[in-house]
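Take a look at the letters that make up each chain.
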Amino acid sequence: GIHGEAGIKRAKLQPANTVAKLLVDHMISTDNYFTLSSDDEVGVVINNLGGTSNLELAVMANDTIRYLVDVKGAKVVRAYMGSFMTSLEMAGVSVTLIKLAAQWAEYLDAPTTAPAWPNSSLGVGHSSHKRVDKPPLAVTLSSQTPSAPIQSDVPISTPLGEVMKACTEQVCKSLLANEARLNELDRGSGDGDCGSTLKSGAQAVLDQLLSFHWDVPGDCLLAMSQCVGAHMGGTSGAIYSIFLTVVSNALSQCNISSAAADGAVWTKALRNGMEAIMRYGGARLGDRTMLDALSPAVVALEHSSTLVGLKSAVEAAKQGAEDTRKMVARSGRASYVSAELLTQPDPGAVAVGVWLEAVCYALCK
């Protein structure tokens, strides 16, 4: 892989059309990951990994689009070819597919200042590989709206606010301390950066620690979700941003005093967040993801939302993470790795145990 992650198979040198078929078929045959039906509208990116010539890349792009259109019956609404994600002079290509819902093509056409993103695609519809419907987009750098300044030194006036701040600070410090461990676990199933990704989000939260409205849990977690979404990056950033946003929404619907006193309110909010991850991420329990640690923890809290219940939830999360060692990956980057190489627990699941234990530690102090 682009960062040295394990592959799924070795093969002899083959023609571009055979490679295109191999890549597309693997993506759409992976259980519960990506399905492709006739007449589905899709976008496709044919990426140069760094050392492939433009001629070879164009041949690969042509064969990939033709296979999607002529064999799979898909409508390639947008197609892009270029060097979007490279690894020095690595020889080869990567193919990325996305199903396009209503208006998504318009979003892909929106102006951007990203230097490597083309202002026009290779094709539109399913009958032509040439884009003729729109001229290249003009990009104006000055059109971007500057971000609002971050408010600092927001006062804390309630015991709940103090507890929220203490728990968050402990969670961030624990994620920072476990960076190397999580990266090491991720090297066997991903690109070895799970710990670094979570560290980026945690450090951003710590940097903005004085700006959150700790007395209002819903507002605080919503601001935190925006911070994580902006700084964590990768799939983890998106997943945790969704999770925190949904938990925030659940808490905002409750009175502040009941949220502070009733652990069941927090437990229900966590379940809502977990279900949002399943809904938007597509993973399910048993797919070897963070859900395999989060789900048993939530179940433990539903049995007892006291501090004793939280301790049980921590142990349930740790056991759930350990159980992923023997699971077949059906979602995420690990689903592309040969099962024989997945001998360690899923790093995302282990991370759930890390931050839950940090919350428990902070509450017990």
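Quick summary incoming for the structure in this document. Predicted, not measured: the structure shown is a model, and the values here were computed from it.

Structural notes on the overall build of the protein chain
Across its full length, the protein chain holds 13 helices and 3 strands. By the burial criterion, 42% of the 365 residues in the protein chain qualify as buried. A separation threshold of at least 6 residues defines the contact pool for the protein chain, and within that pool the share at least 24 residues apart is 74%. As presented, the protein chain carries roughly 19,000 Å² of accessible surface, and 56% of it is formed by carbon and sulfur atoms.

Examining the nonpolar core
Among the nonpolar cores identified, the biggest contains 58 residues, and Tyr-240, Phe-243, Leu-294 and Val-352 are the most heavily contacted of them. Residues contacting Val-352, with those up to four places away along its chain left out, are Tyr-240, Met-290, Ala-293, Leu-294 and Ala-317. Core analysis: the next-biggest nonpolar cluster, separate from the first, contains 22 residues, Phe-34, Met-60, Ala-74 and Val-76 among them.

With respect to the packing of aromatic side chains
Inspection of every chain in the model, using the stated rule, returns 5 aromatic pairs. Relative to Trp-117, the ring of Tyr-80 lies with its centre 4.5 Å away and its plane at 40°, an arrangement referred to as tilted. Remark: Trp-117 occurs in the loop between helix H3 (104-109) and helix H4 (159-177) and Tyr-80 occurs in strand E2 (residues 75-82); sequence separation between them is 37 residues. Relative accessible area serves as the criterion here: at 3%, Tyr-80 is assigned to the buried category. Through a chain of ring-to-ring contacts, the aromatic side chains of Tyr-80, Phe-84 and Trp-117 assemble into a single cluster.

Examining the state of the cysteines
Applying the stated criterion to the full structure yields 0 disulfides. The closest cysteine sulfur to the non-disulfide-bonded Cys-360 is located on Cys-364, 4.1 Å from its own sulfur.

Some points on the sheet that holds E2
Pairing in this open sheet of 3 strands is mixed, and the strands run E2-E1-E3 from one edge to the other. Looking at the sheet topology across the chains shown, the edges are occupied by E2 and strand E3 (93-99). Strand-to-strand twist in this sheet, taken as the mean axis angle between neighbours without regard to direction, amounts to 15°. In this sheet, E2 lies alongside strand E1 (residues 41-48) in parallel orientation, the contact comprising 7 bridges. For Gly-43, the partnering residue across the bridge sits in E2 and is Arg-78. Along the sheet, helix H2 (residues 54-71) contacts E1, E2 and E3; its crossing angle with E1, the most-contacted strand, is approximately 160°.

Brief notes about the packing of helix H11 (residues 291-303) against helix H13 (residues 347-364)
It is at 7 Å that the axes of H11 and H13 come closest, and there the two elements cross at 40°. Classified by the angle between their axes, H11 and H13 sit oblique to one another. Each of Ala-293, Leu-294 and Ala-297 in H11 lies in contact with H13, whose residues at this interface are Ala-349, Val-352, Trp-355 and Leu-356.

As for H2
In this model H2 runs 25 Å from its N-terminal to its C-terminal C-alpha over 18 residues, within 8% of the 26 Å that 1.5 Å per residue would give. Buried within H2 we find Leu-57, Met-60, Ala-61, Asp-63, Thr-64, Ile-65, Tyr-67, Leu-68 and Val-69. Where H2 is buried, its residues touch helix H1 (16-29), E1, E2 and E3.

A look at the packing of H4 against H13
Between H4 and H13, the shortest axis-to-axis distance is 8 Å and the interhelical angle comes to 140°. Comparing the axis directions of H4 and H13 gives the class oblique. The two elements H4 and H13 meet at a crossing, and its hand is right-handed. Where H4 approaches H13, its residues Val-163, Ala-166, Cys-167, Gln-170, Val-171, Ser-174 and Leu-175 are matched on the opposing element by Val-354, Trp-355, Ala-358, Val-359, Tyr-361, Ala-362 and Leu-363. When its residues are assigned to classes, the contact of H4 with H13 shows 12 nonpolar, 2 polar and no charged.

The rules behind each value
Residues numbered from 1 in each chain as written. Predicted model: local features only at pLDDT ≥ 70, side-chain atom pairs only at ≥ 80, totals over all residues. Heavy atoms only, no water. Helix = DSSP H or I, 4+ residues; strand = E, 2+ residues; numbered from the N terminus. Buried < 20%, exposed > 50% of the residue type's maximum accessible area, 1.4 Å probe, protein only. Contact = heavy atoms within 4.5 Å. Areas by Shrake-Rupley, 256 points an atom, 1.4 Å probe, with all protein chains shown as cover. Core = buried A, V, L, I, M, F, W, Y, C linked by side-chain atoms within 4.5 Å. Phe/Tyr/Trp six-rings, centres within 6.5 Å; stacked < 30°, edge-to-face > 60°. Disulfide = S-S within 2.5 Å. Pairing = 2+ DSSP bridges. Axes fitted to C-alpha atoms, helices over the stretch in contact; angles between N-to-C directions. Parallel < 35°, antiparallel > 145°, perpendicular 65-115°, else oblique. Expected span 1.5 Å × (residues − 1). Left-handed = near helix turned anticlockwise from the far one by under 90°. Nonpolar A, V, L, I, M, F, W, Y, C, P; charged D, E, K, R; others polar.

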